[in-house]
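Read off the chains here:
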Amino acid sequence: MPAAAAEASAAGAQSSAPSVPAAADDAAVPANAAPVIIRYTVRIDAPKDLQELLEDNLDLERYRDSPRMTREQLFRLVRAAPEQIRTLVSTSGYYTPEVSVQFDRSATPPVVQVKVAPGEPVRVGETDLVLEGFAPNPGQPADQQFDTAALKASWPLKKGAIFRQDEWESAKRAFLRQVVQTRYPRAQLTDSRATVDPEQHTANLRVVLDSGPEMRFGELRIEGLKRYPDTVVRNLNPIKPGDYYSEAALQAYQSKLQDTGYFAGVEVSADLSAVLDQQLANADGAPTPSDPADPQAAARAMEPLPLLVRVTENKRKNVSAGLGFSTNTGNRASLTYDDLQVFGLRMKSALTLETKKQTAKSDLYFPITPDGYNHSIGLTYERSDIAGEVTAVSSIAGKRAWGTPLLERSFTLELLSETKSVDNIPKSTSKSLPLTYAVTWRRLDNLLLPTKGYAINAQIGGALLPVLTDEKFIRSYLRGVYYKPFGARSNIILRGEAGALASGSKNGVPSVFLFRAGGDQSVRGYAYQELGVKQGDATIGGRYLATASAEYQYWFKPAWGAAVFYDAGNAGDRFKDLHPKSGYGVGARWKSPVGPLNVDVAYGHAVQKYRLHFSLGFTF
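J.: Now, about the pattern of salt bridges: what can you tell me, with residues and values included?
T.: Note on pairing: side chains with opposite charge can pair once their charged atoms come close. Tallied over the entire structure, the rule returns 28 salt bridges. Arg221 serves as the salt-bridge partner of Asp271, at 3.6 Å between the closest nitrogen and oxygen. With a gap of 50 residues between them, Asp271 in the loop between β8 (263–270) and α9 (273–283) and Arg221 in strand β7 (residues 217–223) connect regions that are remote in the sequence. In this structure Arg221 comes out as partly exposed when scored by relative accessible area, which is 38%. With a shortest N-O distance of 3.1 Å, Glu223 and Arg310 are connected by a salt bridge. A residue pair is termed long-range when its members are at least 10 positions apart, and Glu223 in strand β7 and Arg310 in strand β9 (residues 305–313) qualify at 87 residues. On the accessibility criterion, Glu223 (39% relative accessible area) is partly exposed. Taking the relative accessible area as the measure of exposure, Arg310 reaches 36% and is therefore partly exposed. Via salt bridges that share partners, Arg495, Arg524, Glu551, Asp567, Arg589 and Asp600 belong to a single interconnected network.

Encoded structure:
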């Protein structure tokens, strides 16, 4: 607390003397008597915010359950309580409270009654914000000058607001943070004062902020690379020499490097030691090209800050195995192998064996280009036996992906060969060379555990040329999910998807490009991809898809909740065949460290059966 504020608090203390009748009992305790352990309760009568403040910080409350509390110690706490209360409530803006502390020893157990009438709060009066060292740079266009007017306008403690000590300290930190995170990393507060006038109930504020030297980024320096090429680091660098210092740019660059998988640890920073060396040299009398009478010229003369990247490399090879279970595809065993240096590329391979599906795949990832493109090529073999349709697909694919978690885009060119058998019909083989464009928009409050916002995925593509393609086609797909809070403890989730395929004949189009519905992430209450076109006892994919879902969640605790839901949808070869099949039920929810865990019991109305569904994570 500033000195002026402390003086105002002391002056207010003289205006209201507490009543502590129990203090007289001190004389009744013989000098040689053994200490008497005492239990007591505290009742606080004050506005809610002040009551919580006193309950958390008042010594009478903090030591109430102490096993060594004696009558003498309690009397001392009662006598000290009024002044402590005044000091505490002054931090919330009340400098002239009326305080009463009474000790009722006739009650069992004894009661300390605290009453606080806060009075009129002290409010922010005039605020004097002094900015030093922010003189305009004549060599820069107007739109690149530091906006001091916007900085002053951002000051959070406005005139008329109640003056609270924690908000005063927070305002100063936020004010300074806006500057040090931009082009002035060595800015500092050289003075800050809050002058409180208890009689006028005002607090006049003064803050002096010195910008320090203006900083720009210099050359990139990399430490810690041993096995991997420096292009892994350089190609992801969005910061150019001469760019203004920006903490946000450093954090974004560090996040990109961490996501590559090449490094166990990444630290991206500006090497401020160069500034310190120059300042020490200037202090020793070394000549500088700037005019010492012009502080801003001295600031502009500072050397650029080297951009320093320190990395700890991941081990080159990694093998992992796992066991699991999916209510969609059954029991699961998986084996993965990663190698970060295969012909200068990163290789990720995986073998996954499930009851209804078996997959082997291997992908090679090229270093991200300076333009932000991520290229990869991969081989995949997948066999599945779902709803009576048995397929085996071999593919080779090339992919270009770019963007951010908020907006991801990609082009994928695939060459597929599929063998399919359905309901004892002789096997058929098809091949295709489709090109697909995909884009995903995310506007969510949390990418791992979303509660508000939306995500949309759209795909358009097909095989339009008669090259390595048995049947030309065009395919489109759209999926979206929307989260909306519904009160303090609940939220609503709306989900939908739609798809369409245009082709001369469905025969010859690989099954992976057709549509089926049902399962954990589709229409609950039905088996995985159980809804589609019936062919004998089997279900195969159709040309069209439409599903929708509505879910209401209620959270009993921050991490635990329950849900009720209604799903509907179907797939078919004609629009008029899309008779929706409905499923509804209840579920349990847990916000796990790796994403939401959902356990649902759903009733499929069309099949008149109950089905259990598990899902983990936000799969969008």
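J.: Please set out helix α2 (residues 48–57) residue by residue, giving values where relevant.
T.: Listing the buried residues of α2 in full gives Leu50, Leu53 and Leu54. Axial view of α2: buried residues confined to an arc of 95°, hence all on one face. Turned more than 90 degrees from where α2 packs its buried face, Lys48 and Asp56 sit exposed. Close packing links the buried residues of α2 with β1 (41–45), α3 (59–62), α4 (71–90) and β3 (111–117).

J.: Just give me the short version of the sheet that holds β8, but keep the residues and values in it.
T.: Strand order in the open sheet formed by 3 strands is β7-β9-β8, with mixed pairing between adjacent strands. A single partner strand is all that each edge strand has here, and the edge strands are β7 and β8. Across the sheet, the mean angle separating the axes of adjacent strands is 15° when strand polarity is ignored. Looking at chain direction, β7 and β9 are connected through 5 bridges and run parallel. The partner of Arg221 across the bridge, within β9, is Leu308. Strands in contact with helix α8 (residues 247–259) are β7, β8 and β9; relative to β8, the strand with the most contacts, it is inclined by about 165°.

Calculation criteria
Residues numbered from 1 in each chain as written. Predicted model: local features only at pLDDT ≥ 70, side-chain atom pairs only at ≥ 80, totals over all residues. Heavy atoms only, no water. Salt bridge = Lys/Arg side-chain N within 4 Å of Asp/Glu carboxyl O. Helix = DSSP H or I, 4+ residues; strand = E, 2+ residues; numbered from the N terminus. Buried < 20%, exposed > 50% of the residue type's maximum accessible area, 1.4 Å probe, protein only. Arc of directions from axis to C-beta. Contact = heavy atoms within 4.5 Å. Pairing = 2+ DSSP bridges. Axes fitted to C-alpha atoms, helices over the stretch in contact; angles between N-to-C directions.

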